[in-house]
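Results of the structural survey
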Amino acid sequence: MSHYDTAAKDRIPLGEKAAYGTGTLVLNLLPAALGIFAFFLITAFGVDPILAGLLGGLPRLFDAITDPIMGFITDNTKSRWGRRRPYIVVGAILSGTCFALLWQLDPTNSQNYTFWYILLFSMAFTIGNTMFATPFVGLGYEMTSDYKERTRLMATSQFMGQIAWMIVPWFWVMIADPDLFDSQAQGVRHLAIYVSGACIVLGIVPGLFCKGIDSSHIDNRAEISFRTLSSNVMGIFRSIGQAFKNAAFVRLCGATFFVFNGFQLVASFSYFIIVFHMFDGDYAATGSWPAWFSTVSAFVTAFLVIPIVSWMANKWGKRKAFIISTVLSIFGYALKWYGFNPENPWLMFMPIPLMSFGIGGLFTLMLSMTADVCDLDELNNGMPRKEGTFAAIYWLMVKLGQALALILSGVVLKLVGFDAGVATQSVETMTNLRIADIIIPATTAALAILMMWNYDITEEKAHQIKEKLIERRGDI
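Residues numbered from 1 in each chain as written. Predicted model: local features only at pLDDT ≥ 70, side-chain atom pairs only at ≥ 80, totals over all residues. Heavy atoms only, no water.

This brings us to a nonpolar patch on the surface. Together, Trp337, Tyr338, Met350, Ile435 and Ile439 line one region of the surface with nonpolar side chains, adding up to about 490 Å² of accessible area. Counting only elements with at least two residues in the nonpolar patch, the list comes to helix H13 (318-339) and helix H17 (427-452). For Ile439, a relative accessible area of 48% translates into the label partly exposed. (Patch = residues over 30% accessible without salt bridge, like charges linked within 9 Å, V, L, I, M, F, W, Y side chains within 5 Å. Areas by Shrake-Rupley, 256 points an atom, 1.4 Å probe, with all protein chains shown as cover. Salt bridge = Lys/Arg side-chain N within 4 Å of Asp/Glu carboxyl O. Helix = DSSP H or I, 4+ residues; strand = E, 2+ residues; numbered from the N terminus. Buried < 20%, exposed > 50% of the residue type's maximum accessible area, 1.4 Å probe, protein only.)

Okay, structure coming up:
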């Protein structure tokens, strides 16, 4: 056995990996469904587009407050069930329940009533989702201390998470189908209940069956109470400051922001290109092609990309695997120019195998590397370990990137001259949109490669850090 083979005690049973994967499925399903349902605020419930934009943006600002707070709380929690698991169970139930209530709207309600109803339940949902997501991601960072097993865990969880992206695109088709629902509003209300039930059931699974670090081994945790509120606030800022002093972590956040922002910025462009370039604005002819494009992308990511990325990471290291994956995605983006061909719609699936390496490689590798960063932070700053804080900051970067992408996507559509009110777009408009659909994610992917070029936590360094930590405080 070589020095870097995974020890038996560091391996996670397949059942426990699958249990963690159900949480990742929830982590993807809720925001994906939220994005689709938000579209129907305008078409089904008559909310003004500006107000709909506020309803999408204000909860993200609230996230910027709740995520670091939850990270600090979960890092410093003392309970017989551990630092993460109680919050995961309660957060899954709360976020699922609030999600269902959020969409029980009536089109006959006044716009003012609908705005405040959605805003208040969005805030409640945000709290519940933060209670679930931040401890859940932190739990994944601490389930194993092995460099390679961390990648295997994240590969399994991301594989299961792709199921959400196979399902959610069909919500568009289902909500608009008169044979299923009498109206779009009814479709949103019913589907929200089904999504809620699935998220509650699946979300509590990792809280019940996944094991993190034995919290009795975590020293120097802060007391959390109203009496210690001022010191807790200072502790939050101190933890955030220490995280941003970690150069490796800053590189992970920056690369994630670039790749995910670029991907999200053009995410809706494929739909417009399929409808207006390939089918000349004929929605009937377009049919379910956009849904199939998204579903096939998720399927390829799950069954082809993630296993290959995991193999590359354990063979050549995580940094090299990320760079290779991101380069492949750039070639995939370029192929979209030939894939979106009005003469042969089937060619739209041609770029997917390469393009999918972008997002498929990103989260499989970045989550695994952030777990390595948590070890480095403990080595530099001591206890308590701050997986929750790192999870909060990392996912906050993802959310900020998504929010910025939603804003900039509208700007790009405006700049290229896209007019959603007409059935036929000009050739110049569609050409410019197709160029933007390629150039934007390819450019942000290239910037991510530059950001990660000097990332220095190799397998050897990760093992050295692990050995120093064990020598200092024993094996936890």
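Having seen the model, we can carry on.
Core analysis: the largest hydrophobic core is formed by 127 residues, its most contacted members being Phe37, Phe99, Trp103, Tyr141, Phe322 and Tyr394. Considering each element in turn, this core owes the most residues, 14 residues, to helix H1 (residues 14-43). Contacts of Phe322, omitting those with residues within four sequence positions, involve Ala255, Val259, Leu362, Leu365, Met366, Ala448, Ile449 and Met452. (Core = buried A, V, L, I, M, F, W, Y, C linked by side-chain atoms within 4.5 Å. Contact = heavy atoms within 4.5 Å.)

A few words now on helix H15 (residues 357-381). Its 25 residues place the ends of H15 35 Å apart at the C-alpha level, agreeing with the 36 Å of an ideal helix rising 1.5 Å per residue. Just downstream of H15, Gly382 is the residue with a positive phi angle, here 75°. (Expected span 1.5 Å × (residues − 1).)

Enumeration according to the criterion identifies 20 salt bridges in this entry. The partner of Glu387 in a salt bridge is Arg83, with the nearest N and O atoms 3.0 Å apart. Here the residue Glu387 occupies a position in helix H16 (residues 387-415), and Arg83 occupies one in the loop between helix H2 (49-75) and helix H3 (85-102), the gap between them amounting to 304 residues. The burial state of Glu387 is the same as that of Arg83; both residues are buried.

On to the environment of Lys414, then. As for its placement among the helices and strands, Lys414 is situated in helix H16. Take Lys414: its relative accessible area is 69%, and that puts it in the exposed class. For the pair formed by Lys414 and Ala100, sequence separation is 314 residues and the distance between their alpha carbons is 34 Å.

The next thing to look at is the state of the cysteines. Under the defined criterion, the tally for this structure stands at 0 disulfides. Lacking any disulfide linkage, Cys253 is separated from the closest cysteine sulfur, that of Cys374, by 11 Å. We classify Cys374 as buried; its relative accessible area is 3%. (Disulfide = S-S within 2.5 Å.)

Here the focus is the packing of H3 against helix H7 (residues 184-209). Between H3 and H7, the least distance of the axes is 8 Å, while the angle of their chain directions is 180°. Judged by the angle between their axes, H3 and H7 are roughly antiparallel. Residues Arg85, Ile88, Val89, Ala92, Ile93, Gly96, Thr97, Phe99 and Ala100 of H3 lie in contact with H7, whose contacting residues are Ala192, Ile193, Val195, Ser196, Cys199, Ile200, Gly203, Ile204, Pro206, Gly207, Leu208 and Phe209. The class makeup of the residues in the contact of H3 with H7 is 15 nonpolar, 5 polar and 1 charged. (Axes fitted to C-alpha atoms, helices over the stretch in contact; angles between N-to-C directions. Parallel < 35°, antiparallel > 145°, perpendicular 65-115°, else oblique. Nonpolar A, V, L, I, M, F, W, Y, C, P; charged D, E, K, R; others polar.)

With that settled, the discussion passes to the environment of Phe72. Here Phe72 is to be found in helix H2. The sequence separation of Phe72 and Asn232 amounts to 160 residues, and the corresponding C-alpha distance is 8.3 Å.

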